[in-house]
Amino acid sequence: MDDKIRQGDLYDFYGMLLNEHQRSIYEDYVLNDLSLGEIAENEGISRQGVHDLVKRCTQQMESFEAKMHLIMKFQLVRENVNRINQLLDSSDELPRDRRLDLQKLTREILEEI
């Protein structure tokens, strides 16, 4: 299941960098949860051909992530936002030191973007 989640994340961030044929097959496999055999039948290619294309697309998008780190940055921002929410939820009134923590965390988020 973790592989499918990772593939979905890769597609969300880098899918538009694939060509139309690659996107179509990758979407069917990852997003529409079709089997390799179903996709092969629909596309008129072999099951192995579908497997190879999905694998190549995943490797290509992993290469984009290794260079651009968009998923990693997004996850860092999400973690920081969760920390801010925890700070806000833990107190009815924000004392000065909490406010400073919140301001520091907000600056870190802005630097990450």
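Everything here concerns the structure above.
Numbers given for residues are sequential positions, taken from 1 along each chain in its written order. The predicted nature of this model means local features are confined to residues of pLDDT at least 70 and side-chain atom pairs, given and counted, to a pLDDT of 80 or more, with totals for whole chains, interfaces and linings taken over all residues. Each side-chain value is derived from all of the structure's non-hydrogen atoms; neither hydrogens nor water enter the calculation.

Asker: Just to check I follow, could you spell out the environment of Gln48 for this structure?
Answerer: Structurally, the position occupied by Gln48 is in helix α4 (residues 47-68). Judged by its relative accessible area of 45%, Gln48 falls in the partly exposed class. C-alpha of Gln48 to C-alpha of Leu36: the two residues are 12 residues apart in sequence and 8.0 Å apart in space. By definition, any uninterrupted DSSP run of H or I lasting at least four residues is a helix, any uninterrupted run of E lasting at least two residues is a strand, and each is numbered from the N terminus. Each residue's exposure class comes from its accessible area (1.4 Å probe, protein chains only) as a fraction of the maximum for that residue type: buried when under 20%, exposed when over 50%, partly exposed otherwise.

Asker: Got a minute to help me understand the pattern of salt bridges in this structure?
Answerer: For side chains bearing opposite charge, pairing can occur when the charged atoms are close. Salt bridges are identified by distance alone: a Lys or Arg side-chain nitrogen within 4 Å of an Asp or Glu carboxyl oxygen. In total, this model carries three salt bridges according to the counting rule given. The shortest N-O distance in the salt bridge between Asp33 and Lys4 comes to 3.9 Å. Separated by 29 residues along the polypeptide, Asp33 in the loop between α2 (20-31) and α3 (36-43) and Lys4 in helix α1 (residues 2-14) bring together distant segments of the chain. By relative accessible area, which is 57% here, Asp33 ends up exposed. A salt bridge links Glu108 to Lys104; its shortest N-O distance comes to 4.0 Å. In this pair, Glu108 and Lys104 both sit in helix α6 (residues 96-112), four residues apart, roughly one turn of the helix.

Asker: Got a minute to help me understand the nonpolar core in this structure?
Answerer: In summary, soluble globular proteins display a tendency toward joint burial of nonpolar side chains. Membership of the largest hydrophobic core comes to 17 residues, with the highest contact counts inside it found for Tyr14, Ile25, Tyr26, Val50, Cys57 and Met61. Contributions of two or more residues to this core are made by α1, α2, α3 and α4. By residue number, the principal contributor to this core is α4, which donates six residues. Working rule for contacts: check all heavy atoms of both residues, and any pair within 4.5 Å makes them a contact. Look past the residues within four positions of Tyr26 in its chain and what remains in contact with it is Gln7, Tyr11, Leu31, Val54, Cys57, Thr58 and Met61. We define a nonpolar core as any set of buried Ala, Val, Leu, Ile, Met, Phe, Trp, Tyr and Cys residues linked to one another through side-chain atoms lying within 4.5 Å.

Asker: So what exactly am I meant to see when it comes to unusual backbone geometry here?
Answerer: Backbone geometry follows two general trends: most residues other than glycine have a negative phi, and most peptide bonds adopt the trans configuration. Phi is positive for Asp33, which is not a glycine, with a value near 55 degrees. Of note in this structure, His69 is not a glycine but carries a positive phi near 55 degrees. Note on placement: His69 falls in the loop between α4 and α5 (70-89).

Asker: For this particular structure, what's the right way to read α6?
Answerer: Between its first and last C-alpha atoms α6 spans 24 Å; for 17 residues at 1.5 Å apiece the expected length is 24 Å, and the two agree. Those residues of α6 lying buried are Leu102, Leu105 and Ile109. For α6, the buried positions fall inside an angular range of 65 degrees around the axis, keeping them on one side. Residues of α6 that are exposed and angled more than 90 degrees away from the buried face: Arg96, Leu110 and Glu111. By this rule, a helix spans an expected 1.5 Å times one less than how many residues it contains. The directions from the helix axis to the C-beta atoms form the arc being described.

Asker: I would appreciate a short explanation of α1 in the present structure.
Answerer: Note that an α-helix has 3.6 residues per turn; residues three or four places apart therefore point the same way. Taking 1.5 Å per residue, 13 residues should reach 18 Å; α1 reaches 18 Å between its end C-alpha atoms and fits that length. Of all the residues in α1, the buried ones are Gln7, Gly8, Leu10, Tyr11 and Tyr14. Buried residues of α1, viewed axially, fall in a sector of 160 degrees; they line one side. Turned more than 90 degrees off the buried face of α1, the exposed positions are Asp2 and Asp12.

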